[in-house]
Amino acid sequence: MATTRFEHPSAAPLTLLLPDLDGGERGYWLRHWVDTRIDCRLVDLGQARVPDRNSLVTRLDHALRGLDAPVILVGHGVGALTIAAWAGLISSESEAAVAGALLIAPGDPAADADPRLSDFAPLPSAIFSFPALVVASDDDPSLSPDRAFSLARQWGAGFARFGACGHFAPADGLGWWPEGEELLDRFIDLVEPGHAQVQARGGLDQLGQGLPPHGRGSSSSLFRP
């Protein structure tokens, strides 16, 4: 019998982290979270030079099997695109264990900024069956804030806009990105099983409320109206 969402409300959420293509670099905040947090686990997406969408979706689906706790997904770059593709391809029963997802700088295959993303086009258009938050930067060369906001609306997700964080990569000087870790903790508090205000579809409107703007330099935040 498939596990329905929130069947285990007493279990602490487990966070699965999906890295970007260049996630092997030293100083990557996502790997730091895995090393320092007991609630975080890395999803191995392989080392393919050009990612294959179906292969990555299968890897994520396998990582979710057998988990007996609510799951928070955090994807960066290609990891975020993998979550979106998985949500569009997998049945609602398979999505049942996911309590929510953070999609950080998912990238835009249609923009030709990185030809390695072409296999993810076209991006899914269906609304996710779980609460989600799309996180964008003011100066990401792979995804403009306007396009990120459009994707958030397309997926029925909240939207958070940071300051000058680039693509949230190690080269962008974020270090361990403590602001992002705070965002994760607040997001977990919002979507954790038992919080009825986000279990309902209308509760998605409140996903970003109470989350302060972060980032280097000027920063602001926008959320789905």
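Let me begin by describing the structure that accompanies this report.

About the thresholds
Residues numbered from 1 in each chain as written. Predicted model: local features only at pLDDT ≥ 70, side-chain atom pairs only at ≥ 80, totals over all residues. Heavy atoms only, no water. Salt bridge = Lys/Arg side-chain N within 4 Å of Asp/Glu carboxyl O. Buried < 20%, exposed > 50% of the residue type's maximum accessible area, 1.4 Å probe, protein only. Pairing = 2+ DSSP bridges. Helix = DSSP H or I, 4+ residues; strand = E, 2+ residues; numbered from the N terminus. Axes fitted to C-alpha atoms, helices over the stretch in contact; angles between N-to-C directions. Parallel < 35°, antiparallel > 145°, perpendicular 65-115°, else oblique. Contact = heavy atoms within 4.5 Å. Core = buried A, V, L, I, M, F, W, Y, C linked by side-chain atoms within 4.5 Å. Expected span 1.5 Å × (residues − 1). Phe/Tyr/Trp six-rings, centres within 6.5 Å; stacked < 30°, edge-to-face > 60°. Arc of directions from axis to C-beta.

## Regarding the pattern of salt bridges
Okay, step 1: Scanning all chains against the criterion turns up eight salt bridges.
Okay, step 2: Residues R65 and D61 are paired through a salt bridge, measuring 3.5 Å at the closest nitrogen-oxygen approach.
Okay, step 3: R65 gets classed as exposed once you look at its relative accessible area, which sits at 55%.
Okay, step 4: Its salt-bridge partner being R161, residue D138 comes within 2.5 Å of it at the nearest N-O pair.

## Focus: the sheet that holds strand β4 (residues 98-104)
Okay, step 1: Read from one edge to the other, the open sheet built from six strands follows the order β2-β1-β3-β4-β5-β6, with strand pairing classed as parallel. Each edge of the open sheet carries a strand with a single partner, namely β2 (40-42) and β6 (158-162). Here the strands of the sheet are splayed against their neighbours by 20 degrees on average, with no regard to which way each runs.

## Observations concerning the packing of helix α2 (residues 53-64) against helix α3 (residues 78-89)
Okay, step 1: Packing of α2 against α3 brings their axes to within 9 Å, and their N-to-C directions diverge by 80 degrees. On the basis of their axis angle, the class for α2 and α3 is roughly perpendicular. For the pair formed by α2 and α3, the contact residues are R53, N54, L56, V57, L60, D61 and L64 on the first element and V78, T82, I83, A85, W86 and L89 on the second.

## Some points on the pairing of β4
Okay, step 1: Most of β4 sits out of view: seven of its seven residues are buried.
Okay, step 2: Judged from the six bridges that link them, strand β3 (residues 71-76) and β4 form a sheet pairing that is parallel. Across the sheet, the residue bridging to H76 is I104, located in β4.
Okay, step 3: Direction of pairing for β4 relative to strand β5 (residues 132-137): parallel, over a ladder of four bridges. Paired with L102 across the strands is L133, a residue of β5.

## So, unusual backbone geometry
Okay, step 1: Residue A121 is joined to P122 through a cis peptide bond whose omega torsion reads -5 degrees.
Okay, step 2: Tracing the chain through its elements places P122 in the loop between β4 and β5.
Okay, step 3: Here the phi dihedral of A105 falls at roughly 50 degrees; this positive angle occurs in a residue that is not glycine.
Okay, step 4: Examined against the element boundaries, A105 turns out to sit in the loop between β4 and β5.
Okay, step 5: By relative accessible area, which is 0% here, A105 ends up buried.
Okay, step 6: The backbone of F168 sits at a positive phi, close to 60 degrees, despite the residue not being glycine.
Okay, step 7: Assignment of secondary structure puts F168 in the loop between β6 and α5 (178-191).

## Topic: the nonpolar core
The nonpolar side chains of a soluble globular protein tend to be buried with one another.
Okay, step 1: Of all hydrophobic cores here, the largest spans 38 residues; its most connected members are L64, L73, W86 and L103.
Okay, step 2: Elements with a minimum of two residues in this core: β1 (14-18), α2, β3, α3, β4, β5 and α4 (145-154).

## Points about α2
Because an α-helix completes one turn every 3.6 residues, residues spaced three or four positions apart along the sequence face the same direction.
Okay, step 1: The end-to-end C-alpha distance of α2 is 17 Å, a good match for the 16 Å that 12 residues give at a rise of 1.5 Å each.
Okay, step 2: Tucked into the core, α2 has its buried residues touching β1, β3, α3 and β4.
Okay, step 3: Once α2 ends, the next one or two residues include G66, with phi positive near 80 degrees.

## Section: the packing of aromatic side chains
Okay, step 1: Enumeration over the complete set of coordinates arrives at 11 aromatic pairs.
Okay, step 2: Of the aromatic side chains, those joined through ring pairs into one cluster are Y28, W29, W33, F162, F168 and W177.

## A closer look at α5
Okay, step 1: The first and last C-alpha atoms of α5 sit 20 Å apart over 14 residues, in line with the 20 Å expected at 1.5 Å per residue.
Okay, step 2: All of the buried residues in α5 are G180, L183, L184, F187, I188, L190 and V191. Mapping the buried residues of α5 onto a view down its axis gives an arc of 160 degrees, with all of them on the same face.

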